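An overview of the molecular structure
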Amino acid sequence: MIPLSVEGLASPIASLKYEFRVMGVARRGASVRTPRLTPRPASSFRVVTGDCVAEMAKLPAASVDLVFADPPYNLQLQGDLKRPDDSRVDAVDDAWDKFESFEAYDAFTRAWLLAARRAMKPSATLWVIGSYHNIFRVGTILQDLGFWILNDVVWRKSNPMPNFRGRRFTNAHETLIWAAREPGAKGYTFNYEALKAGNEDVQVRSDWTLPLCTGEERLKDAAGKKLHPTQKPEALLARVLLSSSRPDDLVLDPFCGTGTTGAVAKRLGRRFLGIERDHDYAAAAAERIAAAEALPEASLAPFRTAREAPRVPFAALIERGFVAPGTTLVDAKRRVSALVRADGAVSFGDTVGSIHRIGALAQGLDACNGWTFWHVETDTGLAPIDTLRAAFRAEQSVAAE
């Protein structure tokens, strides 16, 4: 069981311990070929109250798999924001979003980025979100510090706040920067195939249309007002975590706020460390994360590509009885055929070779994927022999449990 704690918090919540079980997979660098999730040893799931730079300095170097940062935007509001009816807009006017100058904000940005970079594994990536007020400054400093920008993603808000004065375009989007720790980074997680499969087999674009955080998801205080002015929608964090992390990865949020990242991380079987300097926000985050429930383990299993699947020689199918020696293989249109031999090779006229070599020869090509080219007769018609390989792998997986 994994204890959820709030450290440095002068609140009754600090004395509470919440436990939940996370089912994870082997960490990055180990094999991800197993088709099922397996239990992992207990580890901390924490919300720490304190300064993010000081708290990140306490972390072991190269220990974090993914960073999601939602830093102050430095909005530079000049007085109250009013609606046309002269009512006051509940905008971001908190002290934590105010800086003396751009130079002060840049120094703050440089400090937390350096602290995050030290804590990141070489294969880790970082996401940072911002508005036009700050994201360009953050992006420049990212590059100056040696991060390598992989993408900028536009979060297009389907329900943005209007521009009440009517003197500018409606601010209908925010920008996320996704960056590797250094140029030429290898081994970072990008779950391309899973994202594409969930997007009707089309590559996921860098413009995401999602609504603002509203309704029951929005945390309120005792007076019914929103607890945090810039609470992000869980759907946005889910897309970030599903795209660039794996189950059991350690996710760090240095500006934890009310715990959106932590709640989503828990549901998705990731480990989480949040840092928040405001005691009330940290308390709310701890309660929220404690109430979140992990999704069924089967729904969190990593998407396994054909390249990651264990290698299966054609001869193994013959040995296990999936294909009988003497079986005739044909192409999808039954124009050519080959004979399966007892040793796992196939013959095409007087030529004997692998399913790939003979498939290429039959088509007059230099190369061929024999698993998809060759078919066998089944009770329901022709089927590629790749379906037999999939059945063999499934049988092996069950046997391993």
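Residues numbered from 1 in each chain as written. Predicted model: local features only at pLDDT ≥ 70, side-chain atom pairs only at ≥ 80, totals over all residues. Heavy atoms only, no water.

Per an unreviewed UniProt entry, the chain goes by Methyltransferase and derives from Rhodoplanes serenus. For the record of the chain, the UniProt heading Sequence similarities (unreviewed entry) holds the text "Belongs to the N(4)/N(6)-methyltransferase family." UniProt's Catalytic activity (unreviewed entry) comment on the chain is quoted here verbatim: "a 2'-deoxyadenosine in DNA + S-adenosyl-L-methionine = an N(6)-methyl-2'-deoxyadenosine in DNA + S-adenosyl-L-homocysteine + H(+)". (UniProt positions renumbered as here; feature names shortened; annotations may be inferred.)

1. Comments concerning the environment of Leu113
Note that Leu113 resides in helix H2 (residues 102–119). Taking the C-alpha atoms as reference, Leu113 lies 8.4 Å from Ile141; in sequence the two are 28 residues apart. Leave out the neighbours within four places in its chain, and Leu113 touches Leu126, Val138, Ile141, Leu142, Leu145 and Phe147. (Helix = DSSP H or I, 4+ residues; strand = E, 2+ residues; numbered from the N terminus. Contact = heavy atoms within 4.5 Å.)

2. A closer look at the packing of aromatic side chains
The tally for this structure, following the rule as stated, stands at 11 aromatic pairs. Look at Phe190 and Tyr192: their rings are 6.2 Å apart centre to centre, the planes differ by 50 degrees, and that puts the pair in the tilted class. The exposure class assigned to Phe190 is partly exposed, which follows from its relative accessible area of 39%. The exposure class assigned to Tyr192 is partly exposed, which follows from its relative accessible area of 27%. With centroids separated by 4.8 Å and ring planes inclined at 75 degrees, the aromatic side chains of Phe373 and Trp374 adopt a geometry described as edge-to-face. Trp374 matches Phe373 in its accessibility class, with the two residues each being buried. Within the aromatic cluster, the residues linked to one another by ring pairs are Trp127, Trp178, Tyr188, Phe190, Tyr192 and Trp208. The ring of Phe147 carries Arg117 above its face, with NZ or CZ at 5.6 Å from the centroid. (Phe/Tyr/Trp six-rings, centres within 6.5 Å; stacked < 30°, edge-to-face > 60°. Buried < 20%, exposed > 50% of the residue type's maximum accessible area, 1.4 Å probe, protein only. Lys NZ or Arg CZ within 6 Å of the ring centre and 35° of its normal.)

3. Observations regarding the side chain of Lys157
Secondary-structure assignment places Lys157 in strand S8 (residues 148–157). Not counting residues within four places of it along the chain, the set of residues in contact with Lys157 comprises Ala172, His173, Glu174, Leu210 and Leu212.

4. Examining the environment of Thr372
Along the polypeptide, Thr372 turns up in helix H10 (residues 370–373). Taking C-alpha positions, Thr372 is 9.6 Å from His356, a pair spaced 16 residues apart along the chain. A distance of 3.2 Å separates a polar side-chain atom of Thr372 from the backbone oxygen of Asn369. (Polar contact = N/O pair within 3.5 Å; in protein donor to acceptor, adjacent residues only side chain to side chain.)

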